Amino acid sequence: MSNNNLIKGSLQTIILKLLEENEKMYGYEITQRVKELTEGEIKITEGALYPALHKLEAEGLLTTEIQQVDNRVRKYYSLTKNGQKEVSAKMSELQSFVGNLQRILDPEWKPGLA
Amino acid sequence: MRKLEEKELEKVQLAVGQKDIGVIELLAEIYDHYVSHLEKFSAEEFEIELNALEMKFTSKYCKKLEQDLLHMSRKEMFRLAWQQVILLFTWPKALLSLALVLAIIIFWPLMDKNHQMLALMALLGATLVFHSIIWWHSHQKIKTFKNFYKGDNLLISVHISSMMNTIFLPTSIFSLLVTSPKILGFYNIVDTPYFFLISMAFFLILGLLNIGIFQVWKIKSKTALV
């Protein structure tokens, strides 16, 4: 099964978390950073990334900045104040979900155990 | 990582230009994605990788992306503009804003219909001039960034489109309210006692929205193509 379906629900959290750590990033950079961090296991598709970025921008969680790079325009995304607040909420939500999922998959599992 | 050759860049420009995108921010974003990706591969792999990108960024997908972007940007602009309007009614600005609104509410009914129409026309004229200036400002910025584009589409910033749409909605509603009863042969709304209320509400809404959009433009113009 493709992991794309599993990633879909957490894509916004992934984007917000990456932007919290990197201040500002452009679309392609985000796909590459995720690939690098997961050693190629998770690949964010362009089909999902750009709609998610535009949605987060429209919701006021991201702001954009246009810069000229090598004779072309690059659109950088960064967190707004609301976005910065939202990262921790989204992270707790995701961590809680992963914990619950882990309990379902392995009832013997206890938080903190490897 | 390498720099693409002039011929390769032209191929990318052609491929992106054929997608029929009219929003500069999206076009620039896709172009940057193509070039950033292709720079990671050798000249021999260029065609294969370009084709792979073309399979992902199909015209249909790009059009959908553009429509969604326009839709979301309109919602965002409306939200931001009203946010700025609300800020006008926070201390200490509220003193001046409330005084102006009260002055309009008090003096508007005292004006005759001709003067009310004149005031509306003056505000609509000012709105037109204001939006033309914003559009021109944006056009100048786009011109300097347009060198990567090979298509025939007239490019416009997504923010310009959403600013105009924000103004378009109340203006259309007002026009419909004024013209449709007359066209349908019912009555002329200008002759009814409600006209002063409708025209005053429209004057206030349009005036406040213009101020809100101006504030949003002041913020956005620092980092966006407006």
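In every chain, residue numbers begin from 1 and rise along the written sequence. To label them, take the chains in the order written and letter them from A, then take the ligands in the order written and number them from 1. Predicted model: local features are reported for residues with pLDDT of at least 70 only, side-chain atom pairs are reported and counted for 80 or more only, and whole-chain, interface and lining totals are derived from all residues. Note: side-chain values were computed over all heavy atoms of the structure, leaving out hydrogens and water.

Looking at an unreviewed UniProt entry, chain A carries the name DNA-binding PadR family transcriptional regulator, with the source organism given as Cecembia calidifontis.

### Some remarks on the packing of helix α2 (residues 11-22) of chain A against helix α4 (residues 46-58) of chain A
Helices that pack against each other are described as a pair by the angle of their axes relative to one another and the distance between those axes. Residues and elements named next belong to chain A. Note on definitions: angles span 0 to 180 degrees between N-to-C directions of axes, and those axes are lines fitted to C-alpha atoms, for helices only across the stretch in contact. Each helix is a run of DSSP H or I of at least 4 residues and each strand a run of E of at least 2, with the numbering of both proceeding from the N terminus. Where α2 contacts α4, the two axes come as close as 10 Å, and the packing angle between them is 70°. The pairing of α2 with α4 is recorded here as roughly perpendicular in orientation. Two secondary-structure elements touch here, α2 through Leu11, Gln12, Ile15 and Leu16 and α4 through Ala48, Leu49, Ala52, Leu53, Lys55 and Leu56. The classification used treats Ala, Val, Leu, Ile, Met, Phe, Trp, Tyr, Cys and Pro as nonpolar, Asp, Glu, Lys and Arg as charged, and all other residues, Gly among them, as polar. Taken together, the residues of the contact of α2 with α4 break down into 8 nonpolar, 1 polar and 1 charged. In what follows, roughly perpendicular refers to angles from 65 to 115 degrees, roughly parallel to angles under 35, roughly antiparallel to angles over 145, and oblique to any angle outside these ranges. Contacts are assigned to residue pairs with any non-hydrogen atoms lying within 4.5 Å of each other.

### With respect to the confidence of the model for chain A
Predicted confidence across chain A gives a mean pLDDT of 90, with 95% of residues reaching 70 or more. Across chain A, the element-wise mean pLDDT spans from 79 in helix α1 (residues 4-8) of chain A up to 98 in strand β1 (residues 24-26) of chain A. Here pLDDT means the predictor's own confidence in every residue, given as a number from 0 to 100.

### Describing the nonpolar core
We call a set of buried Ala, Val, Leu, Ile, Met, Phe, Trp, Tyr and Cys residues a nonpolar core when their side-chain atoms join them within 4.5 Å. Only protein chains enter the accessibility calculation, which uses a 1.4 Å probe; a residue is then buried when its area is under 20% of its type maximum, exposed when over 50%, and partly exposed in between. Grouped together as the largest cluster of nonpolar side chains are 52 residues, with contacts concentrated most on Ile15, Leu53 and Leu62 of chain A together with Val12, Ile30, Tyr34 and Phe57 of chain B. The element contributing the most residues to this core is helix α2 (residues 24-38) of chain B, with 9 residues. Sequence-distant contacts of Val12 of chain B, defined by excluding residues within four places in its chain, comprise Leu4, Tyr31, Tyr34, Val35, Leu38, Phe46 and Leu50 of chain B. Counting residues in each nonpolar core, the second largest holds 29 residues, with Ala81, Trp108, Phe130 and Leu206 of chain B among its members.

### Examining the interface of chain B and chain A
The figure often quoted for interface size is the accessible area lost as the parts come together. Of the residues lining the interface, 29 residues belong to chain B; the matching set on chain A comes to 24 residues. Between chain B and chain A lies a buried interface of about 2,500 Å² when both sides are counted; carbon and sulfur atoms form 55% of it. In terms of surface lost to chain A, no three residues of chain B exceed Glu29, His33 and Met72 of chain B, which account for 23% of the buried area on that side. The rule for a salt bridge is simple: a side-chain nitrogen of Lys or Arg has to be within 4 Å of a carboxyl oxygen of Asp or Glu. Where chain B packs against chain A, one counts 5 salt bridges. Under the rule applied, a polar contact is a pair of N or O atoms within 3.5 Å (in protein, one hydrogen donor and one hydrogen acceptor; residues adjacent in sequence only if both atoms are side-chain atoms). Seen at the junction of chain B and chain A, the total is 14 residue pairs in polar contact (both at pLDDT 80 or more). Mapped onto the side of chain B that touches chain A, the elements with two or more residues apiece are α2 and α4 (59-88) of chain B. Tallied by class, residues from the side of chain B that touches chain A come to 13 nonpolar, 6 polar and 10 charged. For any pair of parts, buried area is found by adding up, for both, the accessible area (1.4 Å probe) each one loses once the two are put together.

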